[in-house]
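# Residue-level structural notes
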Amino acid sequence: MENVITLAHGSGSIQTNELINGIFKSNFDNPNLTADDAAVLSLDDGKIAMSTDGFIVSPYEFPGGNIGKLAICGTVNDIACMGAKPKYLTCSYIIEEGFPVEELEKIAKSMGDTARKAGVQIVAGDTKVAGKGQVDKIFITTTGVGNIVEGVNTSGAFAKPGDKIIVTGDIGRHGCTILLARNEFNIDADITSDCAPLWNNIEAVLNETKDIHVIRDATRGGVGTVLYEIAHQSNVGISLESEKIPVDPGVRGVCAMLGLEPLYLACEGRLVFFVPASEADKVLSALQACENSEKAAIIGEVTEDNVGKVILNTAVGAKTLLSRPSGELLPRIC
Amino acid sequence: MCVGLPARVVSVNDGTAIIDANGAKRDVRAELLDDLEPGDYVMVHAGVAIAKINSDDEAEGSEVLGLLNIS
Amino acid sequence: MNEIIEKAREIITSYDGPKVRIMEVCGTHTHEIFRLGIRSLLPENIDLISGPGCPVCVTPVGFIDEALYLALEKNCLITTFGDLIKVPGTEMNLAGARAKGGNIRPVYSPDDAVEIAKENPDEQVVFLSVGFETTTPSSCLAVKKAKELGLNNFSILTANKSMPNAYLKLKGSADAFIYPGHVNAITGNAVCKKLKEDGVSGVVAGFTATELMTALAVTIEMLKKGEPFFVNCYPRVVKDEGSISAQKLMDEVMELCDTEWRGLGMIEKSGMKLRSDYSDFDARIKYNMPHIEGKPNPGCRCGEVLQGHCKPSDCPLFGKVCTPLHAVGACMVSDEGACSAYYQYNQF
């Protein structure tokens, strides 16, 4: 095969077949991966959850992962948050002409590895090649589906006053990793993306209790944005203990340098749970026993007052409002 | 104004220092400070080490309140 | 909560004397006071006012218009502290210029802007040089470096400000000032001591929870005594003489000039511009900048807000056409600008 992607790879020709067989089939191998126009599949009875997500990230490779891993985790986690075991995924690529084949292979390999880890099968795909400069290297869209575990009923609208809020690990690492990988601010720190598939973690919690009100994965916009979304959807207030929010020291250092708020940095492997107070300890210990959520912590609770607001209890024993970010995050000096 | 970042000096070389704030490292200009040595703590602003820091804020607070007999 | 904070908190929350007005003149203090929720601890008779201590808030509309001109008419690569990107000019802000194809890049340090110029010899790089005494040395170092490197594609657009004459302008706006620790780290305390002799009280404060609470407690205790005062509450960083080397550097590269502060108007000798030895690096000279008169929204009362003369809610634009998502005035731009903080708080 040539060593870069050419327009011929997207033309449905022999080269397209070479690409599919040489790169995708070998990495995604499973009995349901179709060679026809569509995959023919079966699902269990009951409700299903289905979601789709597009991924563009620059750079496409970063400490702790790449766009391929991200594309699997993102969709798997979206489905998992509805209490569904992710079962099938499809993926669609838009690749810029001239993209190195070797790099595509790496991305496909991490997609295959991550899918296996998440217990999901990639069953169909599509590849388009866009002319040089028409896209930024590679874009991936994944769509996924899975059966919702019986008895689970979660929604962003179900948070109730008194619920405890649990975050599954230290926050803001993915956003911070990407910021550093772009190397615009010449800062070095040993920080890797938190990017991870999280169905196992959710399953572990559901094995303990199905009385869970909200599960949300904190992606772009970070945990802070999720909290505001839930406060609005559920018509409740949120009270956070600022000193209990887990933040990696390196992330804290970068944030201090650039004047950024870790609560608004993206995560790609962190969940936020809203659970009845009676279930909180069970959920917390189930999470702490799982990979990727060892540092789970209770960071606050839902309140009846301050509807639609996120209030922080601060280091001086006072309350303050978590500022809502307006638009892009920019480093500041004042 | 002025976001200041307290950071530890890792190394100093010809007017430039590598500083470390909780593991976040960067080159900064160090020529405004004399006799800077690795291990010193400095206040960094916009890529320049603007002052040495000679104690932590609690010791300082206790000194300030003590001087004014507020305690 | 450490012991110092507890002590300070007790002093602050138990104050029951006559009404006092304390003004913090530093944007980062405003930010930290907001972030720590210190205002919610204050009894009703302590009024904490946010002064004009943020270079973003005091940068006039015309400066943004000049930057827009360089970005869009002269095709310069504009490098800037992130703070300025959302500040409204007459027609748009720098984010708007970027959407129109302008090349706008946030940087952490002016030195990084010099690096960008070095690596992109085909681009004309301009750094938007704002800031008070704390930040000005970084611009001076960058200009000197560009000169040493012989770069002819780097220049700066200055709007640097000098605090001492602004303090004089603010005299009477408050019973005591909380001076910006990192400005004093450079300038030293002489100005504040002189102000004390003129009857203007204040403390210089650091930025941690402990430092800010200590500084407020000291201010309240001293106000109770009724005599003019100055206390350095940030001695671990601020020396009486300040940073002699930074003062020398600024004097070598820049000189004082009259300058406009958004909202406060022209203040004599309160700005800094490049000396003639460095005029090759002065974007206004290099690009033969036409006179650009910024047109702020006539209804905007940011100036009075900055001087503590009115509350954000007294402004006719506040919360109507001027909101954090569509900021008209500079005080609404950053999350901690007086208007933005007030807007968010009042819903709390």
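## What to know about the overall build of chain B
What chain B contains, in helices and strands, is one helix and five strands. Compactness check: chain B gives a C-alpha radius of gyration of 14 Å against a globular reference of 11 Å for 71 residues, more than 25% above the reference. Each of the three principal axes of chain B carries a C-alpha extent, and together these read 45 × 25 × 20 Å. A buried classification covers 49% of the 71 residues belonging to chain B.

## Here we look at the overall build of chain A
Looking only at helices and strands, chain A has eight helices and 13 strands in total. Its C-alpha atoms give chain A a radius of gyration of 21 Å, near enough to 20 Å, the size a compact globule of 334 residues would have. A buried classification covers 51% of the 334 residues belonging to chain A. In chain A, 86% of the contacts between residues at least 6 apart in sequence involve partners at least 24 apart.

## Some remarks on the interface of chain A and chain C
Each partner contributes to the interface: chain A provides 20 residues, whereas chain C provides 32 residues. By residue number, the principal contributor to the side of chain A that touches chain C is strand β13 (residues 319-321) of chain A, which donates three residues. Split into classes, the residues belonging to the side of chain A that touches chain C amount to 10 nonpolar, seven polar and three charged.

## Details of the sheet that holds strand β8 (residues 201-205) of chain C
Residue and element names in this part refer to chain C. Strand order in the open sheet formed by five strands is β2-β1-β7-β8-β9, with parallel pairing between adjacent strands. With one partner strand each, in any of the chains shown, β2 (46-50) and β9 (230-232) form the two edges of the open sheet. Put simply, the sheet's adjacent strands are angled 20° from each other on average, direction ignored. As paired strands, strand β1 (residues 20-24) and strand β7 (residues 176-180) are joined by three bridges and run parallel to one another. The residue bridging I22 from the neighbouring strand is A176, located in β7. Packed on one face of the sheet, helix α2 (residues 27-36) meets β1, β2, β7 and β8 and runs near 115° to β1. Relative to the sheet, helix α11 (residues 209-225) contacts β1, β7, β8 and β9, its axis offset from that of β8 by approximately 165°.

## What about unusual backbone geometry?
Residue and element names in this part refer to chain A. The omega torsion across S58 and P59 is 0°, close enough to zero to call that bond cis. Within the fold, P59 resides in the loop between β1 (48-55) and β2 (61-62). Residue K137 is not a glycine yet carries a positive backbone phi of 65°. A positive phi is found at N183, a non-glycine position, where the angle reads about 55°. Here N183 lies in the loop between α4 (173-181) and α5 (199-208).

## Focus: the sheet that holds strand β6 (residues 138-148) of chain A
Residues and elements named next belong to chain A. Taken in spatial order, the four strands line up as β1-β6-β4-β5 in an open sheet, and their pairing is mixed. On the outer flanks of this sheet lie β1 and β5 (121-130), each paired with one strand and no other. Pairs of neighbouring strands in the sheet enclose a mean axial angle of 15°, with direction left out of account. In this sheet, β6 lies alongside strand β4 (residues 84-96) in antiparallel orientation, the contact comprising 11 bridges. If you follow Y93 over to β6, its bridge partner there is I140. The strands touched by helix α2 (residues 67-80) within the sheet are β1, β4 and β6, with β6 carrying the most contacts at an inclination of about 30°.

## Let's talk about the environment of K106 of chain A
The residue K106 of chain A is located in helix α3 (residues 101-118) in this model. Along the backbone, K106 of chain A and N66 of chain A are 40 residues apart, and their C-alpha atoms lie at a distance of 8.8 Å.

## Topic: the pairing of strand β3 (residues 77-80) of chain C
Residue and element names in this part refer to chain C. Burial of the side chains of β3 extends over both faces: L77 and T79 are buried on one face and I78 and T80 on the other. Note that β3 and strand β4 (residues 103-106) share four bridges and pair parallel. Paired with T79 across the strands is R105, a residue of β4. In this fold, β3 hands off to helix α5 (residues 94-99), which returns the chain to β4; that crossover is right-handed. In the sheet, β3 pairs with strand β5 (residues 125-131) via three bridges, with the strands oriented parallel. When the sheet's bridge partners are listed, T79 is paired in β5 with F127.

## Remarks on the interface of chain C and chain B
Taken together, the contacts link 44 residues of chain C with 26 residues of chain B. Counting residues per element, the ones that place at least two in the side of chain C that touches chain B are α1 (3-13), α2, α6 (110-119), α7 (136-149), α9 (181-187), α11 and α12 (244-253) of chain C. If one sorts the elements of the side of chain C that touches chain B by residue count, α11 of chain C sits on top with six residues. Across the side of chain C that touches chain B, the residue classes break down as 22 nonpolar, 16 polar and six charged.

## Re the environment of I191 of chain A
Residue and element names in this part refer to chain A. Mapped onto the elements, I191 comes out in the loop between α4 and α5. Separated by 128 residues in the primary sequence, I191 and P63 have C-alpha atoms spaced 7.4 Å apart. Setting aside residues no more than four positions away along its own chain, I191 makes contact with P63, R173, C176, T177, L180, D248, G250 and V251.

## Some points on the packing of α7 of chain C against α12 of chain C
Residue and element names in this part refer to chain C. The interhelical angle for the contact between α7 and α12, taken along N-to-C directions, is 55°, at an axis separation of 9 Å. Relative to α12, α7 is oriented oblique. Read as a crossing pair, α7 and α12 show a hand that is left-handed. Where α7 approaches α12, its residues T136, P137, C140, V143 and K144 are matched on the opposing element by A246, L249, M250 and V253. Its residues placed into classes, the contact of α7 with α12 shows seven nonpolar, one polar and one charged.

## Notes on the nonpolar core
Counting 251 residues, the largest nonpolar core has I166, V254 and F273 of chain A, A49 of chain B together with A67, I78 and L212 of chain C as its most contacted members. Ignoring any residue separated from it by four or fewer positions in sequence, one finds A49 of chain B in contact with A17, I19, V28, R29, A30, L32, L33, V42 and V44 of chain B.

## Re the domain arrangement of chain A
Residue and element names in this part refer to chain A. What the domain assignment lists for chain A is domain 1 (7-148) and domain 2 (164-321). Across the contact, 24 residues belong to domain 1 and 21 residues belong to domain 2. Listed by contribution, the elements that provide at least two residues to the side of domain 1 that touches domain 2 are α2, β4 and α3. In terms of residue count, α2 provides more of the side of domain 1 that touches domain 2 than any other element does, nine residues in total.

## Brief notes about the environment of E304 of chain C
Residue and element names in this part refer to chain C. By secondary structure assignment, the location of E304 is in helix α14 (residues 302-306). In this structure the C-alpha to C-alpha distance between E304 and L264, which are 40 residues apart in sequence, comes to 7.8 Å. Not counting residues within four places of it along the chain, the set of residues in contact with E304 comprises H309 and C310.

## A word on helix α1 (residues 57-67) of chain B
All buried positions along α1 of chain B are accounted for by D57, E60, G61, V64 and L65 of chain B. All buried residues of α1 of chain B lie within an arc of 125° about the axis, which places them on one face of the element. Buried residues along α1 of chain B sit in contact with α1 and α11 of chain C. Count one or two residues on from α1 of chain B and you reach N69 of chain B, which has phi positive near 55°.

Cut-offs applied
- Residues numbered from 1 in each chain as written.
- Chains lettered and ligands numbered in written order.
- Predicted model: local features only at pLDDT ≥ 70, side-chain atom pairs only at ≥ 80, totals over all residues.
- Helix = DSSP H or I, 4+ residues; strand = E, 2+ residues; numbered from the N terminus.
- Rg over C-alpha atoms; globule rule 2.2 N^0.38 Å.
- Buried ≥ 20, exposed ≤ 12 C-beta atoms within 10 Å, placed from the backbone.
- Contact = placed C-beta atoms within 7 Å.
- Nonpolar A, V, L, I, M, F, W, Y, C, P; charged D, E, K, R; others polar.
- Pairing = 2+ DSSP bridges.
- Axes fitted to C-alpha atoms, helices over the stretch in contact; angles between N-to-C directions.
- Right-handed = clockwise from strand over helix to strand, strands pointing away.
- Parallel < 35°, antiparallel > 145°, perpendicular 65-115°, else oblique.
- Left-handed = near helix turned anticlockwise from the far one by under 90°.
- Core = buried A, V, L, I, M, F, W, Y, C linked by C-beta atoms within 7 Å.
- Domains from an automatic or database assignment.
- Arc of directions from axis to C-beta.

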